[in-house]
Amino acid sequence: MNQYEGLNLPQLLNLMHDLVMPEPVAWLPETPGWWIVFGWLFAVALLAAWQGVKRRRRNRYRRDALAELKAIAARRELGPAESAQHIAALVKRTALAAYPREEVAALYGTDWAQFLKQSAGNDRQIADAADMLAAAAYHPDADGSGVVGPARRWIRLHRA
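### A word on the overall build of the protein
So, step 1. Secondary structure assignment for the protein yields eight helices and zero strands.
So, step 2. What you see in the protein, going N to C, is helices and strands ordered as α-α-α-α-α-α-α-α.
So, step 3. The C-alpha atoms of the protein give a radius of gyration of 35 Å, which is well past the 15 Å a tight globule of 160 residues would have.
So, step 4. Along the three orthogonal principal directions, the C-alpha set of the protein runs to about 115 × 35 × 25 Å.
So, step 5. The long-range share in the protein, meaning contacts at least 24 apart out of those at least 6 apart in sequence, stands at 62%.
So, step 6. Of the charged side chains in the protein, 20 are positive and 16 negative; the average position of the first set lies 9 Å away from that of the second.

### What to know about the packing of aromatic side chains
So, step 1. Taken as a whole and assessed by the stated rule, the structure comprises four aromatic pairs.
So, step 2. Residues W35 and F38 carry aromatic rings whose centres are separated by 6.2 Å and whose planes lie at 85° to one another, so their mutual orientation is edge-to-face. In this pair, W35 and F38 are both assigned in helix α2 (residues 32–58), three residues apart and thus about one turn of the helix distant.
So, step 3. Given a relative accessible area of 45%, W35 falls into the partly exposed group.
So, step 4. Residue classification places F38 among the partly exposed residues on the basis of a relative accessible area of 39%.

### Describing a nonpolar patch on the surface
So, step 1. A surface patch of nonpolar side chains, amounting to about 680 Å² of accessible area, comprises Y4, L7, L9, L12, L13, L15 and M16.
So, step 2. When you line up the elements, L15 lands in helix α1 (residues 9–15).

What counts and what doesn't
Residues numbered from 1 in each chain as written. Predicted model: local features only at pLDDT ≥ 70, side-chain atom pairs only at ≥ 80, totals over all residues. Heavy atoms only, no water. Helix = DSSP H or I, 4+ residues; strand = E, 2+ residues; numbered from the N terminus. Rg over C-alpha atoms; globule rule 2.2 N^0.38 Å. Contact = heavy atoms within 4.5 Å. Lys, Arg positive; Asp, Glu negative; His and termini not counted. Charge placed at Lys NZ, Arg CZ, Asp CG, Glu CD. Phe/Tyr/Trp six-rings, centres within 6.5 Å; stacked < 30°, edge-to-face > 60°. Buried < 20%, exposed > 50% of the residue type's maximum accessible area, 1.4 Å probe, protein only. Patch = residues over 30% accessible without salt bridge, like charges linked within 9 Å, V, L, I, M, F, W, Y side chains within 5 Å. Areas by Shrake-Rupley, 256 points an atom, 1.4 Å probe, with all protein chains shown as cover. Salt bridge = Lys/Arg side-chain N within 4 Å of Asp/Glu carboxyl O.

Limitation: the analysis is restricted to geometry and does not speak to function.
Spelled out as structure tokens, the structure:
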């Protein structure tokens with residue numbers, strides 16, 4: 001005979017034991033492998049942040065040059081020729097900040113235009129305007145509005 005025979009439903013329910021709840025899952029890993037993985041991830045994130053800071057510091061001269069170019073383009077009291085001269089000087093100062101002085105300081109005319117083309121990876125827009133950028137500092141009739149775009153593009157694209 002079965003021990004449960006003859007018992008009604010409430011009596012059978014009283015014989016049941018309560019549910020056993022499992023232990024809560026820990027938030028921290030308990031195996032050393034996960035700590036090694038977290039350590040490597042932290043080291044990689046730290047290295048990536050350090051490289052980002054280095055890149056940002058290395059390109060500060062670009063940001064400063066772009067801000068100055070924007071200020072020159074916004075100055076209404078400058079005529080087109082003066083604006084072109086200021087932009088040409090800015091491009092030269094930017095090149096001096098990025099490249100060795102011995103390589104850049106003595107360049108002018110067609111040599112300077114060739115340098116602008118080569119340092120920008122022979123970009124089409126810069127190649128078309130390189131002669132105008134190189135001559136802008138010396139020609140009193142140069143148009144400043146025509147050199148703003150190529151100068152901005154060269155500052156962004158040149159490889160130091």
